Amino acid sequence: MGAIRVRLMRWRDDRRCGRAGALQVRFSLCRPAKLIASQRKRPVRLLLKGAMAQGYRTNLWTTARIAAMVEREFGVSYHPNHTGRLIHRLG
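Being a predicted model, the structure only gives us computed values, none of them experimental.

S.K.: Residue-level account of the packing of helix H3 (residues 63–74) against helix H4 (residues 80–90), with values.
M.R.: The geometry of a pair of packed helices is captured by two quantities: the angle between their axes and the separation between those axes. H4 packs onto H3 with a crossing angle of 80° between their chain directions and a minimal axis gap of 8 Å. In this view, H3 runs roughly perpendicular relative to H4, as classed from their interaxial angle. Side by side, H3 and H4 meet where Thr63, Ala64, Ile66, Ala67 and Val70 of the first sit next to Pro80, Thr83, Gly84, Leu86 and Ile87 of the second. Each residue belonging to the contact of H3 with H4 can be placed in one class, and the counts come to seven nonpolar, three polar and no charged.

Below you can see the structure in the form of C-alpha cells.
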C-alpha cells in the first residue's frame, strides 16, 4: 500500500506544479518481441523435428540449444535463461 500512496502523491504534486503529462498513460518499457509474427511458427516446427535434426547427438532440447538454434536460423540472439519464456509464448 505504501508504494501506491507514494505514486499517488507524486502524481498529485506533478499535477499541482503543472508538469505536462503528469497523468498521461505510460507504456511498458519492455523490449519488443525479437521474432516477427511471420517467424513465430517456424521455431515450433524446428523443435518438433528434434535436436538431432539440428545436428546434436541426442534429441534432448536444452535452453542453450534452443537459443543457438534460434540465433542460427533467424539471426536473433536470446540468452539461454530467457529461451524458456520464448517457448512459453510460442505455445
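S.K.: An account of the packing of aromatic side chains is needed here, citing residue identities and associated values.
M.R.: Enumeration according to the criterion identifies one aromatic pair in this entry. Look at tyrosine 56 and tryptophan 61: their rings are 6.3 Å apart centre to centre, the planes differ by 70°, and that puts the pair in the edge-to-face class.

S.K.: Can you tell me about the environment of histidine 79, naming the residues and giving the values?
M.R.: Its location among the elements puts histidine 79 in the loop between H3 and H4. Put simply, histidine 79 and alanine 64 are 15 residues apart on the chain and 7.9 Å apart in space, counted from C-alpha to C-alpha. In this structure the side chain of histidine 79 is engaged in a polar contact, spanning 2.9 Å, whose partner is the backbone nitrogen of asparagine 81.

S.K.: With reference to specific residues and values, describe the pattern of salt bridges.
M.R.: For side chains bearing opposite charge, pairing can occur when the charged atoms are close. One pass over the structure, following the stated rule, counts two salt bridges. Notably, a salt bridge pairs aspartate 13 with arginine 12, separated by 3.0 Å at the nearest N-O pair. Salt-bridge contacts for glutamate 73 lead to arginine 42; the nearest nitrogen and oxygen are separated by 2.9 Å. Within this pair, whereas glutamate 73 is found in helix H3, its partner arginine 42 is found in helix H2 (residues 42–49), the two being separated by 31 residues in sequence. By relative accessible area, which is 28% here, glutamate 73 ends up partly exposed.

S.K.: Outline H2, listing residues and values.
M.R.: Taken as a whole, H2 has its buried residues at Pro43, Leu46 and Leu47. The arc that holds the buried residues of H2, viewed along the axis, is 100°, so those residues lie on one side. Relative to its buried face, H2 has exposed residues pointing more than 90 degrees away, namely Arg45, Leu48 and Lys49. Phi turns positive one or two residues past the end of H2, at glycine 50, with a value near 100°.

Parameters and conventions
Residues numbered from 1 in each chain as written. Predicted model: local features only at pLDDT ≥ 70, side-chain atom pairs only at ≥ 80, totals over all residues. Heavy atoms only, no water. Axes fitted to C-alpha atoms, helices over the stretch in contact; angles between N-to-C directions. Helix = DSSP H or I, 4+ residues; strand = E, 2+ residues; numbered from the N terminus. Parallel < 35°, antiparallel > 145°, perpendicular 65-115°, else oblique. Contact = heavy atoms within 4.5 Å. Nonpolar A, V, L, I, M, F, W, Y, C, P; charged D, E, K, R; others polar. Phe/Tyr/Trp six-rings, centres within 6.5 Å; stacked < 30°, edge-to-face > 60°. Polar contact = N/O pair within 3.5 Å; in protein donor to acceptor, adjacent residues only side chain to side chain. Salt bridge = Lys/Arg side-chain N within 4 Å of Asp/Glu carboxyl O. Buried < 20%, exposed > 50% of the residue type's maximum accessible area, 1.4 Å probe, protein only. Arc of directions from axis to C-beta.

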